[in-house]
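# Structural description and commentary
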Amino acid sequence: MHSKTRQFTTRKATLGDMEFVKSCLIDSWSEHALNTPHLLNKDRLNAFESEDFYIKSIANDEGCFLIAEHDGKPVGLVVAYITKLSYFFIHPQSIYIDDIYVVDDFRRAGVAKILMDSVEEFAKAKGIRRLDNRVYSYNIPMQKLLTKLGYSSPFATWIKTI
């Protein structure tokens, strides 16, 4: 049961968070592979060495890699970075939210919203006015949260395996 009185904080990720990050990614990627077996291979995902990317993300001041905590324990993460857009877009840069993950016991307790709000604050501090996020079609709870937070989905990615 989720309590409305739970308190969450966010902080920058550190190298000491890598074990937590890896466990979150393996869980997330396993879910992706289960829901899209025509696109993703679970064994290959689990064998993928992602540590270098996340270590670089931690060191990158132009990115936003945050850990959400409850009582000093990590319960979620978000990884986002600045991307340059084509000149014809109204806003020439975007914050691309690459990964967001919340531990099962803390889902629908406000952790994802706090992480998204923190990314938004990061974007404002950088003078960036656009946030982009890719969400799998089966992830209805995240789609609902994004809609509630004011996001729209002006296009979709369509994939065909041949």
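Residues numbered from 1 in each chain as written. Predicted model: local features only at pLDDT ≥ 70, side-chain atom pairs only at ≥ 80, totals over all residues. Heavy atoms only, no water.

Turning next to unusual backbone geometry. Phi at Asp 71 is positive, roughly 55°, even though this residue is not glycine. Note that Asp 71 resides in the loop between β2 (63-70) and β3 (73-84). Residue classification places Asp 71 among the exposed residues on the basis of a relative accessible area of 71%. For Arg 108, which is not glycine, the phi torsion reads 65° and is therefore positive. (Helix = DSSP H or I, 4+ residues; strand = E, 2+ residues; numbered from the N terminus. Buried < 20%, exposed > 50% of the residue type's maximum accessible area, 1.4 Å probe, protein only.)

Along the chain, Lys 113 turns up in helix α4 (residues 111-126). Among the residues examined, Lys 113 registers a relative accessible area of 35% and is labelled partly exposed. Residues Lys 113 and Leu 149, spaced 36 residues apart in sequence, show a C-alpha to C-alpha distance of 8.1 Å.

Moving on, we come to the pattern of salt bridges. For the structure on display, the rule yields eight salt bridges. Between Glu 69 and Arg 11 there is a salt bridge, with the nearest N and O atoms lying 2.9 Å from each other. Taken as a pair, Glu 69 in strand β2 and Arg 11 in strand β1 (residues 9-12) lie far apart in primary sequence, 58 residues in all. Under the relative-accessibility criterion, Arg 11 is labelled partly exposed at 25%. Between Asp 104 and Arg 107 there is a salt bridge, and its shortest N-O distance comes to 2.9 Å. With a relative accessible area of 48%, Asp 104 lands in the partly exposed category. (Salt bridge = Lys/Arg side-chain N within 4 Å of Asp/Glu carboxyl O.)

In a packed pair of helices, the relevant descriptors are the angle between the two axes and the axis-to-axis distance. Where helix α1 (residues 18-35) meets helix α3 (residues 51-59), the closest approach of the two axes is 11 Å, and the angle between their N-to-C directions is 125°. If you check the angle between α1 and α3, you find them oblique. In this structure, α1 meets α3 at a crossing whose hand is right-handed. For the pair α1 and α3, the contacting residues are Met 18, Val 21, Lys 22 and Leu 25 in the first and Glu 51, Tyr 54, Ile 55 and Ile 58 in the second. Residues belonging to the contact of α1 with α3 are distributed by class as follows: six nonpolar, no polar and two charged. (Axes fitted to C-alpha atoms, helices over the stretch in contact; angles between N-to-C directions. Parallel < 35°, antiparallel > 145°, perpendicular 65-115°, else oblique. Left-handed = near helix turned anticlockwise from the far one by under 90°. Contact = heavy atoms within 4.5 Å. Nonpolar A, V, L, I, M, F, W, Y, C, P; charged D, E, K, R; others polar.)

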